[in-house]
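Residues per chain are reported as follows:
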Amino acid sequence: MRALALALVLLLALPGTAYAQGGHDPRDLRDLARKNGIRIGSAVDVAALRAEPDYRAALNREFDHVTAENAMKWESVEPERGVHTWDDADAVVRNARRHGQKVRGHTLVWHNQLPAWLTAGVEDGSIGAAELREILREHVTAQVRRYRGQIRAWDVVNEAFEDDGTMRQSIWLKHLGPGYIADAFRWAHRADPHARLYLNDYNLEWSVPKIEATLALVKELKAQRVPIHGMGFQGHLGIQYGYPGDWANVMGRFAELGLEIAITELDVRMELPVTAEKLATQAEYYTRALTDCLSVRACEEVTVWGFTDRHSWVPEWFDGEGAPCLMDESLAGKPAYDALLALGKVSGR
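Since we're looking at a predicted model, the values are computed, not measured.

### Here we look at unusual backbone geometry
Link 1 in the chain: Cis geometry marks the peptide bond from His-106 to Thr-107, where omega comes out at -5°.
Link 2 in the chain: Residue position: Thr-107 is located in strand E3 (residues 102–109).
Link 3 in the chain: With omega at 10°, the peptide bond leading from Leu-272 into Pro-273 counts as cis.
Link 4 in the chain: Here Pro-273 is to be found in the loop between strand E8 (260–271) and helix H13 (276–294).
Link 5 in the chain: Positive phi values are uncommon outside glycine, yet Gln-113 reaches one of about 50°.
Link 6 in the chain: With respect to the helices and strands, Gln-113 occurs in the loop between E3 and helix H7 (116–123).
Link 7 in the chain: Residues other than glycine seldom take positive phi values, yet Leu-331 does so here, at roughly 70°.
Link 8 in the chain: Residue placement: Leu-331 occurs in the loop between strand E10 (321–322) and helix H15 (335–343).
Link 9 in the chain: The class for Leu-331 is buried, based on a relative accessible area of 14%.

### What about the state of the cysteines?
Link 1 in the chain: Evaluated as defined, the whole model comprises one disulfide.
Link 2 in the chain: Covalent S-S linkage joins Cys-293 and Cys-299, the inter-sulfur distance amounting to 2.0 Å. Since a negative S-S torsion denotes a left-handed disulfide, the Cys-293-Cys-299 link at about -105° is left-handed.
Link 3 in the chain: We classify Cys-299 as buried; its relative accessible area is 0%.
Link 4 in the chain: Looking at Cys-325, it has no disulfide partner, and the nearest cysteine sulfur is the one in Cys-293, 19 Å off.
Link 5 in the chain: On the basis of relative accessible area, Cys-325 is assigned to the buried category, the value being 0%.

### Looking at the packing of aromatic side chains
Link 1 in the chain: Following the criterion strictly, the structure yields 11 aromatic pairs and no others.
Link 2 in the chain: Aromatic pair Phe-63 and Phe-307: ring centres 5.5 Å apart, planes at 45°, arrangement tilted. In this pair, Phe-63 is assigned in the loop between helix H4 (53–62) and strand E2 (65–68) and Phe-307 in the loop between strand E9 (299–304) and helix H14 (314–317), connecting sequence segments 244 residues apart. The same class applies to Phe-63 and to Phe-307, which are both buried.
Link 3 in the chain: Seen in terms of ring centroids, Tyr-243 and Trp-247 are 6.1 Å apart; in terms of plane orientation they differ by 50°. Their pairing is tilted.
Link 4 in the chain: Among the residues examined, Tyr-243 registers a relative accessible area of 12% and is labelled buried.
Link 5 in the chain: For Trp-247, a relative accessible area of 0% puts it in the buried group.
Link 6 in the chain: Note that Arg-269 overlies the ring of Phe-318, its terminal NZ or CZ placed 3.8 Å from the centroid.

Cut-off values and rules
Residues numbered from 1 in each chain as written. Predicted model: local features only at pLDDT ≥ 70, side-chain atom pairs only at ≥ 80, totals over all residues. Heavy atoms only, no water. Helix = DSSP H or I, 4+ residues; strand = E, 2+ residues; numbered from the N terminus. Buried < 20%, exposed > 50% of the residue type's maximum accessible area, 1.4 Å probe, protein only. Disulfide = S-S within 2.5 Å. Phe/Tyr/Trp six-rings, centres within 6.5 Å; stacked < 30°, edge-to-face > 60°. Lys NZ or Arg CZ within 6 Å of the ring centre and 35° of its normal.

Structure representation (structure tokens):
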């Protein structure tokens, strides 16, 4: 099945992509990343990192960049006000340092996975706007300062816009106004002047209203001399929806504003059951995403949101869908994994 699916993938057109001849095929994703001058990373399930030697070995063999899937989110690091639990986040950073991996911090400001003490306090009025702003400043500063010099890039603000281009009516916008975004970037920069600071969002691959609103925000932040360095495209794709064919051009528009580009949460889900045809389409999507990134000089990273179907968020969130990762539950490479290695060195990088 894998050979058939891979053959189908390699017959698919990838417009504008050229492949260098000569040299050996990449041994693994780290080797592929090195050949193309890019970082290829994965989100890390910290429980699996600790408890599953085969998971840990595959993670450290294949990837030169990692993101804590949940361990750095606010509810994880400060479940009680003023009481920080850094063990899980520390474990991800420590493992990365041992294995020569760079780290993306995820995420400092988001509307989701907030600690209950914070949301309850805002809801019942015991935390007012002035105190909320100070709480946010303390959170951003404490977390970035703790990992100063150990995080290559931070997703500073995550999912600030709705798909229709309006700003998300989050706890932050409702109580602090749109200035919370610039504040968060400035606080993060003061805490670690060397970290690269990103906006991050989903459906930015093809939602025109969201694209235009985000571009306008970036221009505004730049005009205010806010230290924003990168744009993260989450890249949660589904084969039933088609591939975002203009993605490379959208990346290029953000790059023209002087931003680094990263695909930060790539996965490609499908409606179950799995078939050879679906796996071939999945492989096409993964290869197109990587080649789109490689076609934009400013694109520096492609991170998958988990590398094995053994540990994926998709089945819990999308009923009847799954199998979104490069490896199956037994950590065997799927056609998408083989197709990425088959790309080899893409010329022009």
